[in-house]
Each structure stands twice: as structure tokens, then as C-alpha cells.
Amino acid sequence: MRVKAVATGFGGVSLTVECGESFALDAGAEPGTEKVVLTHAHLDHSLMAPGKEVYATLPTLALARELWIDAKSLNPELPWTVEDVQRTLSSAKRAPYGRPFRIGDALVTFYNAGHVLGSSMILVECSGRRLLYTGDLGTASFLLDHWVKEVPKADILITESSYLCRDRPSAKKEWSRLHAYLKQKLKEGPVLIAANAVGKAQEVVKFLMNYRNSLPMKNVILEGMGWRASKVYDEMVEYLKESEVLSWLNGSRMKLTEFAQNPSSLGERVELTVPGTVVVAPSGSLSGGMSVWWALKGLPYVLLGHVFEPASQLLAGEEVSLEDPLGNVGTVGPPDLHLEISRHASRQELLTFISKVGAEEVYLVHGDEECRRAAEGGKFKALWDGEELTFSPGPLSRGATAPS
Ligand SMILES: [Zn+2]
Ligand SMILES: [Zn+2]
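Owing to the predicted nature of the structure, the values given are computational and were not obtained by experimental measurement. (Residues numbered from 1 in each chain as written. Chains lettered and ligands numbered in written order. Predicted model: local features only at pLDDT ≥ 70, side-chain atom pairs only at ≥ 80, totals over all residues.)

**Overview of the overall build of the protein chain**
Part 1: Across its full length, the protein chain holds 13 helices and 21 strands.
Part 2: Over its C-alpha trace the protein chain gives a radius of gyration of 21 Å, about what one expects of a compact globule, namely 22 Å for 404 residues.
Part 3: Projected onto its principal axes, the C-alpha positions of the protein chain cover 65 × 45 × 45 Å.
Part 4: Within the protein chain, buried positions represent 45% of all 404 residues. (Helix = DSSP H or I, 4+ residues; strand = E, 2+ residues; numbered from the N terminus. Rg over C-alpha atoms; globule rule 2.2 N^0.38 Å. Buried ≥ 20, exposed ≤ 12 C-beta atoms within 10 Å, placed from the backbone.)

And the structure:
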């Protein structure tokens, strides 16, 4: 079995596997193969998949559809068309968790990664070797089951490493900071929470729903892609955590899109700009989308987890000039609050995961380059862009890269 990394930094991720046939695990970068197995919908894993023959879970396809169409409208230069998206979706092979399927000589199985709805880690069994690729590994969630419920064993592990080198405060502590902040601030006026559309936005809305009786909250607005992705969460209930499925079965589950509202006009938004309104809007980094419109309206705002420009400049205390989707331009100052709320496994969770998989070889992808370099040697190896690994058949002790 041969494995080749295409680009494994914070940019696009794709691994090519050769096992009787070539296929890619993720397509954040051009995979160079026709067959692509997707871990989840986020564009750093799926952007180059339209036009290919895709294998994925049902929610991954539904969420990717929204993200692909949005990406194309923002960047018409992308090397695929909306027709490619339709063709890929109608020919895509759907697979649920835990049910193996075959590509070439490989047996491929999805396992819940608990990162966003339908997110998977991928187990590839080939010539007696078990290779596990995590995609993005999740963390505790209000909506999704944790991966810890079922961790497959593997000989070779290729894992994301976003938080391997930096600890973050407990999620419980961060959510209670948000609670304390909203409890005070909502009495004075509306508040904006800038959140990634797929993953974080749904967690925030579910948090607000859970604590609605202890907050001076009147309205929850959910914008754009955050709203469309939440529709998918509400429709594909069987991929939510067990407690959600049970409350759905007994008829007591409140949908995210029933609890929150999606205003249809600017006039409606202006009317809702009152104390007690929480706006949850992408993008989480204020790089575009309605979060910018609301920030330019002067709402105090909250940032969540790892952010990119321009939010990273705002976090550094700078004032930044922004343009909203309607073409309004203005200056925004630093956020009121920055919370370390992430959909990625924490350092401790990553270490627990790695030890549960029990692999003899562990490769780090998709994380801080410096961290991966520092972790290299000993137990971990980094897998760099363009690097190729070959694993010979049979038990791992005879493997090409294992000590002989
Ligand atoms: Zn992701
Ligand atoms: Zn990712």
C-alpha cells in the first residue's frame, strides 16, 4: 500500500492511497485521482471534490453541497462548475458509519469522528495492513456523539494535530464565560457571536437553547450558511447524539431552526436590533458574510477558537476596515470576548485517541508546522506535502518504515 500526502498544513488536505486502485482520502487540495473518500464537508477537506466520484456519509454530502455552491459563488475561478457539483452529488456513493465498502483491493470503513454532523475517520484495510486517517477529530459536543465510544485499532495512524502543542481551557469553563457575558450584556443591547457556519454555529445555538431560561434573551438570529447547515442537522437526526435521537423519537426535540430565526429582510433585522437579541453569524473570522454586516452595525461581538484574518488582527487589538456583503465599508475594533471554543480534539483528547488506536506508526498532518516538527522523532512522524510512504504487505514488524 502506498500513501501520498498532497498538502497537509492548515490549507487543503488530501492523501492518495494505492491499493489495487488509486483513491484519495479527502480533497482539500487537488487529489489527482478520480475517486475521493471524504471525511467531512469542510472545504479544507472537500473543495476539490466536485467532478470526482465521491464516497461520503449522507450529512457530509448535504453539507458539502451548500459549501460548494457558496464557494463557487464567491470564487467563480474554481476549476469546477455547479453542474459538476450536481453530477458528483447524484453519482456519490453514500456509506453510513461501520459498514465497510470496497475500492480496488481496499476495504474502507467510516467511523464517527464527532467533529461536525456526519464527520468520519476512515479505516483502510489493504494487504493485511490497517491504516486509519482521522480527518478532523472532534471534541465534546452538545449535539454529536463523542468518537471515544468507538475507536478502531490500526497499525498505521495518520492523525490531525491541530491542538497537539497548545492546551486550551476546558469547554465547560469557556461556555460558562459566555453565559456570564450574555447574562450581563444582553440587558444593554444585542450581541453578535461570529461562528463558523458548519459546526460551531450549531453548538452555539444549542447552547443558547439549553440555557434560554437563565438568560435575558428574547431572540436568536441565525444567519446565512449557519442557517442552511442547521437545516441539515435538523433533518438528519439519526447522525446526532443518542440523547437528541431519543428526544426526537418521543417528540420533544426542538429543532435548531425552530428555536432560532432567519430574517428575510434587512428591515426585519433592524427591528430585531434590540436588547435581548443574540445574532449567530458566519464567517467566524469576519472575513465575509453577515457577521461583518452586524459588526459594522456596532454590535459588541464574541470570537470563538482559532480565527484567521481579519479576526486575528482584531484579536491583536487592531482596528480593521471591513466590507460587508452589501458593499458597506466601516471600521471595527477588537472583540468583547474571545473564547477557546473549538470543534477539534484537545491535546489530552488527541493523546488519549492515539493511545487507543494503538498504532505502531503515527503520522501527524493538518496542524501547526512548528508543532509537527517539534513532535517529530520518537513516537510521532510528520507527513509533509508531497511525501510518500510505502507499507509492504503483512504484519507491521516487516513494514518498510518500521524497524526490522
Ligand atoms: Zn473540519
Ligand atoms: Zn480541517
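Moving on, there is more to tell.
**Some points on the confidence of the model for the protein chain**
Part 1: Summarising the model, the protein chain shows a mean pLDDT of 95, and 97% of its residues fall at 70 or more.
Part 2: Here residues 397-404 scores under 50 on pLDDT; set against residues more than four positions off or in separate chains, the count is twelve contacts. (pLDDT = per-residue confidence, 0-100. Contact = placed C-beta atoms within 7 Å.)

**A few points about the domain arrangement of the protein chain**
Part 1: Per the domain assignment, the segments of the protein chain are domain 1 (2-166 + 343-398) and domain 2 (171-339).
Part 2: For domain 1 versus domain 2, the separation of C-alpha centres amounts to 28 Å. (Domains from an automatic or database assignment.)

**A short note on the pairing of strand E1 (residues 2-5)**
Part 1: Where E1 meets strand E21 (residues 388-390), three bridges bridge the pair, whose relative direction is antiparallel. When the bridges of E21 are listed, Lys4 appears paired with Glu388.
Part 2: Pairing geometry for E1 and strand E2 (residues 15-18), over four bridges, is antiparallel. Paired with Val3 across the bridge in E2 is Val17. (Pairing = 2+ DSSP bridges.)

**Looking at the sheet that holds E21**
Pairing between sheet strands relies on hydrogen bonds along the backbone, with the strands arranged either parallel or antiparallel.
Part 1: What the seven strands build is an open sheet, ordered E6-E5-E4-E3-E2-E1-E21; its pairing is mixed. Since the sheet does not close on itself, it has two edges, and those belong to strand E6 (93-94) and E21, each with one partner.

**Quick notes on the packing of helix H2 (residues 58-74) against helix H3 (residues 82-91)**
Two packed helices can be described by the angle between their axes and the distance between those axes.
Part 1: Packing of H2 against H3 leaves a shortest axis separation of 10 Å and a crossing angle of 170°. By the angle between their axes, H2 is roughly antiparallel relative to H3. Where H2 abuts H3, its residues Leu61, Arg65, Trp68, Ile69 and Lys72 lie against Val82, Val85 and Leu89.
Part 2: Considered class by class, the residues forming the contact of H2 with H3 number six nonpolar, no polar and two charged. (Axes fitted to C-alpha atoms, helices over the stretch in contact; angles between N-to-C directions. Parallel < 35°, antiparallel > 145°, perpendicular 65-115°, else oblique. Nonpolar A, V, L, I, M, F, W, Y, C, P; charged D, E, K, R; others polar.)

**Notes on the sheet that holds strand E13 (residues 219-222)**
Part 1: Spatially, E13-E14-E12-E15-E18 is the arrangement adopted by the five strands of the open sheet, whose pairing is parallel. The sheet terminates laterally at E13 and strand E18 (337-339), the two strands that pair on one side only. The mean angle between the axes of side-by-side strands here comes to 20°, regardless of whether they run parallel or antiparallel.
Part 2: Pairing between strand E15 (residues 301-304) and E18: three bridges, direction parallel.

**Regarding helix H6 (residues 224-235)**
Part 1: Counted at 1.5 Å a residue, the expected span for H6 with its twelve residues is 16 Å, and the 17 Å between its end C-alpha atoms agrees.
Part 2: Burial runs high along H6: nine of the twelve residues are buried.
Part 3: Among all positions of H6, only Gly224, Met225, Gly226, Trp227, Arg228, Ala229, Ser230, Val232 and Tyr233 are buried.
Part 4: The elements touched by buried residues of H6 are H2, helix H5 (200-210), E13, helix H8 (256-259), strand E14 (277-281) and helix H10 (290-296). (Expected span 1.5 Å × (residues − 1).)

**A few points about the nonpolar core**
Part 1: In this structure, Leu157, Leu192, Ile193 and Val280 are the most contacted members of the largest nonpolar core, which totals 115 residues.
Part 2: Residues lining this core come from more than one domain, with at least three contributed by each of domain 1 (2-166 + 343-398) and domain 2 (171-339). (Core = buried A, V, L, I, M, F, W, Y, C linked by C-beta atoms within 7 Å.)

**Some remarks on the environment of Trp293**
Part 1: Following the sequence through the fold, Trp293 ends up in helix H10.
Part 2: Note: C-alpha distance between Trp293 and Gly330 (37 residues apart in sequence) is 9.6 Å.
Part 3: Beyond its immediate chain neighbours, meaning those up to four positions away, Trp293 contacts Asp324, Pro325 and Leu326.

**Thoughts on the packing of H5 against H6**
Part 1: Closest axis-to-axis distance for the H5/H6 pair is 9 Å, and the angle between their directions is 75°. In terms of their interaxial angle, H5 and H6 are classed as roughly perpendicular. For the pair H5 and H6, the contacting residues are Ala201, Gln202 and Val205 in the first and Gly226, Ala229, Ser230 and Tyr233 in the second.
Part 2: Classifying every residue of the contact of H5 with H6 gives four nonpolar, three polar and no charged.

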